[in-house]
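Letter by letter, the chains look like this.
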Amino acid sequence: MNSYIEVNDADYKYILAKGGRVEQFSGIFNNNDSLESALKPIINDLKQSKGILIKFILSNEYKKLDNIEKFMLKINEIAPIDTVIIFGVYYDDLKVETFKCDILISGLPEN
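Residues numbered from 1 in each chain as written. Predicted model: local features only at pLDDT ≥ 70, side-chain atom pairs only at ≥ 80, totals over all residues. Heavy atoms only, no water.

Participant: Where do I start with the overall build of the protein in this structure?
Facilitator: Within the protein one finds 4 helices and 5 strands. Secondary structure elements of the protein occur, N-terminal to C-terminal, as β-α-β-α-α-β-α-β-β. Against the compact-globule benchmark of 13 Å for 111 residues, the protein has a radius of gyration of 14 Å, which places it among compact chains. Overall size of the protein, expressed as C-alpha extent along the three principal axes, is 40 × 30 × 20 Å. Burial analysis of the protein (111 residues in total) assigns 41% to the buried set. Relative to all contacts within the protein whose residues are 6 or more apart in sequence, the contacts with residues 24 or more apart total 89%. Accessible area of the protein: about 6500 Å², with a carbon and sulfur share of 48%. On the protein, the mean spot of the 13 positive side-chain charges and the mean spot of the 17 negative ones are 3 Å from each other. (Helix = DSSP H or I, 4+ residues; strand = E, 2+ residues; numbered from the N terminus. Rg over C-alpha atoms; globule rule 2.2 N^0.38 Å. Buried < 20%, exposed > 50% of the residue type's maximum accessible area, 1.4 Å probe, protein only. Contact = heavy atoms within 4.5 Å. Areas by Shrake-Rupley, 256 points an atom, 1.4 Å probe, with all protein chains shown as cover. Lys, Arg positive; Asp, Glu negative; His and termini not counted. Charge placed at Lys NZ, Arg CZ, Asp CG, Glu CD.)

Participant: What is the right way to look at the nonpolar core in this model?
Facilitator: Within soluble globular proteins, side chains that are nonpolar generally end up buried alongside one another. Residues Leu46, Ile54, Phe56, Phe71, Cys101 and Ile103 are the most contacted members of the largest nonpolar core, which totals 23 residues. Aside from chain neighbours lying at most four places away, what touches Leu46 is Leu39, Ile52, Ile75, Ile78, Ala79, Pro80 and Ile105. Counting 7 residues, the second-largest nonpolar core is a separate cluster that includes Val7, Leu53, Ile86 and Tyr90. (Core = buried A, V, L, I, M, F, W, Y, C linked by side-chain atoms within 4.5 Å.)

Participant: Whenever I open this one, the environment of Asn8 confuses me. Can you help?
Facilitator: Here Asn8 shows up in the loop between β1 (2-5) and α1 (9-16). Residues Asn8 and Ile75, spaced 67 residues apart in sequence, show a C-alpha to C-alpha distance of 21 Å.

Participant: For this particular structure, what's the right way to read the environment of Asn30?
Facilitator: Looking at where Asn30 falls in the secondary structure, it is placed in strand β2 (residues 21-30). Overall, Asn30 belongs to the partly exposed group, its relative accessible area being 29%. C-alpha of Asn30 to C-alpha of Val96: the two residues are 66 residues apart in sequence and 9.1 Å apart in space. In contact with Asn30, other than residues within four places in its own chain, are Glu97, Thr98 and Phe99.

Participant: Quick question: what am I supposed to make of the pattern of salt bridges here?
Facilitator: Note that side chains of opposite charge can pair when their charged atoms are close. Tallying each qualifying case throughout the model produces 4 salt bridges. Taking the shortest distance from any N to any O, the salt bridge between Arg21 and Glu23 comes out at 2.6 Å. Of the residues examined, Arg21 reaches a relative accessible area of 17% and is grouped as buried. With relative accessibility at 30%, the residue Glu23 sits in the partly exposed group. One salt bridge connects Lys74 with Glu36, and the closest N-O pair in it is separated by 3.3 Å. (Salt bridge = Lys/Arg side-chain N within 4 Å of Asp/Glu carboxyl O.)

Here is the structure:
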């Protein structure tokens, strides 16, 4: 897997240091999926987050970042203004019209 913007162990430690409950979400999305439906399972966690780490994996054949930009704008709109957000972009063997997203959310209230 090739990287464009890498996340490393220090990034994970920084996000996890925000404390609280931690949730992880992974999904494979079509470039035409609506952001609302893609983020629906984690929207409440995003609204309460203190730290978010996102790892995007795009097709080796589709290197445009337009979907990443839309995704990040929506997350910035949902998350509290003081939430720390770190992201990375990688390329792998995925279908051209899809991308994968792994999200780690920290600082959530304990249930």
